[in-house]
Amino acid sequence: MENKLFVHNSLSRKKELFEPMDPPHVGMYVCGPTVYGDGHLGHARPAITFDLVYRYLIHLGYKVRYIRNITDVGHLEGDADAGEDKIGKKARLEHLEPMEVVQYYTNRYHRNMDQMNVLHPSIEPHASGHVIEQIEMTKKILESGYAYEVNGSVYFDIKKYSQDHKYGILSGRNVDELLAYTRELEGQEEKKNSVDFALWKKATPGHIMRWPSPWSDGYPGWHIECSAMGTKYLGEQFDIHGGGLDLLFPHHESEIAQSVAANGKQPVKYWLHNNMVTINGQKMGKSLGNAVSLNDFFSGDHKLLDQAYSPMTIRFFLLQAHYRSTVDFSNEALKASEKGLKKLLQAAETLQKIKPAETSTVKISALKENCYKAMNDDFNSPVLIAHLFEGVKIINAVNDGKEQISETDLEQLKVIFKTFVFEILGLQSEEQASDTDEMVDSLMNTILSIRQQARENKDYATSDKIRDELGKLNIRIMDTKDGAEWEH
Ligand code: ZN
């Protein structure tokens, strides 16, 4: 790789040259959503940030194994060790199986990610599918002496750990201050120190999601899932771990402690964190009651929204800020993004129609280099976008006959736009997106008419097979008196 990529490592708090441990292979783990509600801008941000990272690493020629998990157990209300499971609570309130809640919101999350052209991860492991691995890792931590069992629950022993290792290397928190802060929380008296966190919790009688373990019928703590799944799929040490800044402490700090306690090694070489989305300067979150779901943005149906915003507008809006800066949501900012995106995509279209001249009156030689420079500087998408707009200016000037461009320069400009606008920023024109929709519509019409024909011929084996196969793709057919309708 001739490109020198620098990434900001939260562990060293500075930019470092990116050197994977086993090139060209790169292992990347990103904390995915807890699936108990619709995703909002705060969920879109890590997905789009690490999509940018993933796309750029692939562009540079790396073979990336990208793991993005689904949290479907163990994430309790208030992000602490006590309280009800977020998914269990939703299931109880809506009289559903917890896995029904998980499936429903996972499907909606996937649809939102596809709408925003977010590439699928290589593996998307569910925490509930890796309880055995979490139990095994908890056993190892117990064996190493950095955890203790009490009343069927297992807790990580921060005090013991910090005698041999440094707890707080990622967040910079002082362990003595943490230990001195002996807040008494209801139901937590069994912990030696309130800062200790659960690796395994004994389930109370009303707790729905539970598994057998050597200690009790219970469920894993929230932090252990990512350590267990990261180790399983990427090894005891891997290159990149990403997630939102809100996960840095205690979630990621605890992941480091768990892995060091179980495997005796620092698990991750580069920790990357995206900053938060704010709304009028306040953190956006479901619990704060100011979260606008992605589906609300796409439909415009929310009291905070003046209009609907396309999935590509949301993607572009987030990419217009560097991932380590906060993004403040406002209708004005989104409308500006909508306009900017339109201008960029229109120029990309115009570029295809431009006729070359004998010589160039424009300079594009530095443009490509500058685009790479921006991406190599810790994935600086706003600077990249500013350079692409220099390209937009050139395209429009040539199109208006004010400047001219040679064939070589024109080809170069086309490569720049194809590479950076579409491959790396992952932008799509509304047409490209709706072309796909239209194609799906016409394919479905074809399939349904074949099925209708089969029914008229009383060939029910074929018509049932079509219905069943579509069912596997989550497509439901409803027979009506005029034929059939479908929904995904
Ligand atoms: Zn995680």
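Residues numbered from 1 in each chain as written. Predicted model: local features only at pLDDT ≥ 70, side-chain atom pairs only at ≥ 80, totals over all residues. Heavy atoms only, no water.

Colleague: Explain the domain arrangement of the chain to me, please; I cannot follow it from the model alone.
Modeller: Accessible area lost during the coming together of the parts is what is often quoted as the interface size. Assigned domains of the chain: these are domain 1 (6–274), domain 2 (278–424) and domain 3 (430–487). On a C-alpha basis, the centroid separation for the pair domain 1 and domain 3 is 40 Å. (Domains from an automatic or database assignment.)

Colleague: For this particular structure, what's the right way to read helix H10 (residues 311–319)?
Modeller: Of all the nine residues making up H10, nine are buried; the element is thus mostly covered by neighbouring parts of the structure. Within the span of H10, buried status applies to Pro 311, Met 312, Thr 313, Ile 314, Arg 315, Phe 316, Phe 317, Leu 318 and Leu 319. (Buried < 20%, exposed > 50% of the residue type's maximum accessible area, 1.4 Å probe, protein only. Helix = DSSP H or I, 4+ residues; strand = E, 2+ residues; numbered from the N terminus.)

Colleague: Can you help me understand the coordination of the zinc ion in this one?
Modeller: Under ideal tetrahedral coordination, the four donors around a metal are separated by 109.5 degrees; under ideal octahedral coordination, the six donors are separated by 90 or 180 degrees. Each protein donor to the zinc ion is listed here as Cys 31 (SG), Cys 226 (SG) and His 251 (NE2); together their distances run 2.1 Å. Considered as a linear motif, the donors of the zinc ion on their single chain read C-x194-C-x24-H. Here Cys 31, found in the loop between strand E3 (25–30) and helix H1 (41–59), pairs with Cys 226, found in helix H7 (residues 224–234); they are 195 residues apart in sequence, far enough to count as distant. Both residues of the pair, Cys 31 and Cys 226, belong to the buried class. (Donors = N, O, S within 2.8 Å, 3.2 Å for Na, K, Ca; no water.)

Colleague: Even after reading the chapter, I still don't get the environment of Ala 47, so can you show me in this structure?
Modeller: For Ala 47, the position within the fold is in helix H1. Along the backbone, Ala 47 and Gly 244 are 197 residues apart, and their C-alpha atoms lie at a distance of 9.6 Å. With near-sequence residues (within four places) excluded, Ala 47 lies in contact with Tyr 109, Met 113 and Val 118. (Contact = heavy atoms within 4.5 Å.)

Colleague: Is there a simple way to think about unusual backbone geometry in this case?
Modeller: Among all residues except glycine, the phi angle is most often negative; among peptide bonds, the trans geometry is most common. Residue Pro 24 follows Pro 23 across a cis peptide bond; omega there is 5°. On the secondary structure map, Pro 24 appears in the loop between strand E2 (14–17) and E3. In this model, Phe 249 is joined to Pro 250 through a cis peptide bond whose omega is 0°. Not every positive phi belongs to a glycine, and Arg 13 is a case in point at roughly 60°. Given the relative accessible area of 44%, Arg 13 is considered partly exposed. Phi is positive for His 95, close to 55°, though the residue is something other than glycine. Its place among the elements puts His 95 in the loop between helix H2 (86–94) and helix H3 (98–115). By relative accessible area, which is 74% here, His 95 ends up exposed.

Colleague: It is not clear to me how helix H11 (residues 331–353) should be interpreted in this structure. Could you clarify?
Modeller: Taking 1.5 Å per residue as the helical rise, H11 with its 23 residues ought to reach 33 Å, and the 34 Å between its terminal C-alpha atoms agrees with that figure. Buried within H11 we find Asn 331, Leu 334, Ser 337, Gly 340, Leu 341, Leu 344, Leu 345, Ala 347, Ala 348, Thr 350 and Leu 351. Buried residues along H11 sit against helix H9 (294–299), H10, strand E13 (327–329), helix H13 (381–399) and helix H14 (407–424). (Expected span 1.5 Å × (residues − 1).)

Colleague: Would you explain the environment of Ser 259 in this entry?
Modeller: By the element assignment, Ser 259 lies in helix H8 (residues 248–263). Owing to a relative accessible area of 4%, Ser 259 belongs among the buried residues under this scheme. Ser 259 sits 63 residues away from Asp 196 along the chain, and the two C-alpha atoms are 15 Å apart. Setting aside chain neighbours within four positions, we find Ser 259 in contact with Met 137, Ser 227, Gly 264, Lys 265 and Pro 267.

Colleague: Got a minute to help me understand the packing of helix H12 (residues 365–376) against H13 in this structure?
Modeller: Axes are the key here: two packed helices are described by the angle between their axes and the distance separating the axes. Where H12 contacts H13, the two axes come as close as 8 Å, and the packing angle between them is 165°. As far as their axial angle goes, H13 and H12 are roughly antiparallel. With respect to the hand of their crossing, H12 and H13 are arranged in left-handed fashion. Within the contact between the two elements, H12 uses Leu 367, Asn 370, Cys 371, Ala 374 and Met 375 and H13 uses Val 383, Leu 384, His 387, Leu 388, Glu 390 and Gly 391. When grouped by side-chain class, the residues that make up the contact of H12 with H13 number seven nonpolar, three polar and one charged. (Axes fitted to C-alpha atoms, helices over the stretch in contact; angles between N-to-C directions. Parallel < 35°, antiparallel > 145°, perpendicular 65-115°, else oblique. Left-handed = near helix turned anticlockwise from the far one by under 90°. Nonpolar A, V, L, I, M, F, W, Y, C, P; charged D, E, K, R; others polar.)

Colleague: Could you clarify how one ought to interpret the sheet that holds strand E5 (residues 147–150) in this entry?
Modeller: Think of a sheet as strands paired side by side through backbone hydrogen bonds, with each pair either parallel or antiparallel. With antiparallel pairing, the four strands of this open sheet are ordered in space as E5-E6-E7-E8. Strands at the two margins of the open sheet, each flanked by one partner only, are E5 and strand E8 (218–220). Taking each pair of neighbouring strands and ignoring which way they run, the sheet shows an average axis angle of 20°. In this structure, strand E6 (residues 153–156) lies alongside strand E7 (residues 198–202), joined through two bridges in antiparallel fashion. From the neighbouring strand, Tyr 155 faces E7, where its bridge partner is Ala 198. (Pairing = 2+ DSSP bridges.)

Colleague: Just checking my understanding: could you explain the nonpolar core for this structure?
Modeller: Note on soluble globular proteins: their nonpolar side chains tend to be buried together. Counting 79 residues, the largest nonpolar core has Phe 297, Ile 314, Phe 379, Leu 388 and Phe 417 as the members making the most contacts within it. In terms of residue count, H1 provides more of this core than any other element does, 10 residues in total. In this structure, this core is formed jointly by two domains, domain 1 (6–274) and domain 2 (278–424), each of which donates at least three residues. Beyond its immediate stretch of four places on either side in the chain, Phe 297 contacts Leu 41, Val 292, Leu 305, Ala 308, Tyr 309, Ile 314, Phe 329 and Leu 334. With 54 residues, the next largest nonpolar core counts Val 102, Ile 135, Tyr 146 and Val 154 among its residues. (Core = buried A, V, L, I, M, F, W, Y, C linked by side-chain atoms within 4.5 Å.)

Colleague: Any chance you could explain the packing of aromatic side chains here in plain terms?
Modeller: Note on aromatic pairs: each is described by the distance of the centres and the angle between the planes. In the structure shown here, the tally under the stated rule is 14 aromatic pairs. Note on Tyr 54 and Tyr 66: the rings are 4.8 Å apart at their centroids and 55° apart in plane angle, and the pair reads as tilted. With a gap of 12 residues between them, Tyr 54 in helix H1 and Tyr 66 in strand E4 (residues 63–68) connect regions that are remote in the sequence. Overall, the relative accessible area of 10% leaves Tyr 54 in the buried class. Between Tyr 146 and Tyr 161, the ring centres sit 5.7 Å apart and the planes meet at 80°, which makes this aromatic pair edge-to-face. In this pair, Tyr 146 sits in the loop between helix H4 (131–144) and E5 while Tyr 161 sits in helix H5 (residues 158–164), placing the two residues 15 residues apart along the sequence. With respect to class, Tyr 146 is no different from Tyr 161; both count as buried. Every member of this aromatic cluster is reached through a ring pair, and the members are Tyr 146, Phe 156, Tyr 161, Tyr 167 and Phe 197. Here the guanidinium or amino end of Arg 173 rests over the ring plane of Phe 249, the centre of that ring lying 3.9 Å away. (Phe/Tyr/Trp six-rings, centres within 6.5 Å; stacked < 30°, edge-to-face > 60°. Lys NZ or Arg CZ within 6 Å of the ring centre and 35° of its normal.)

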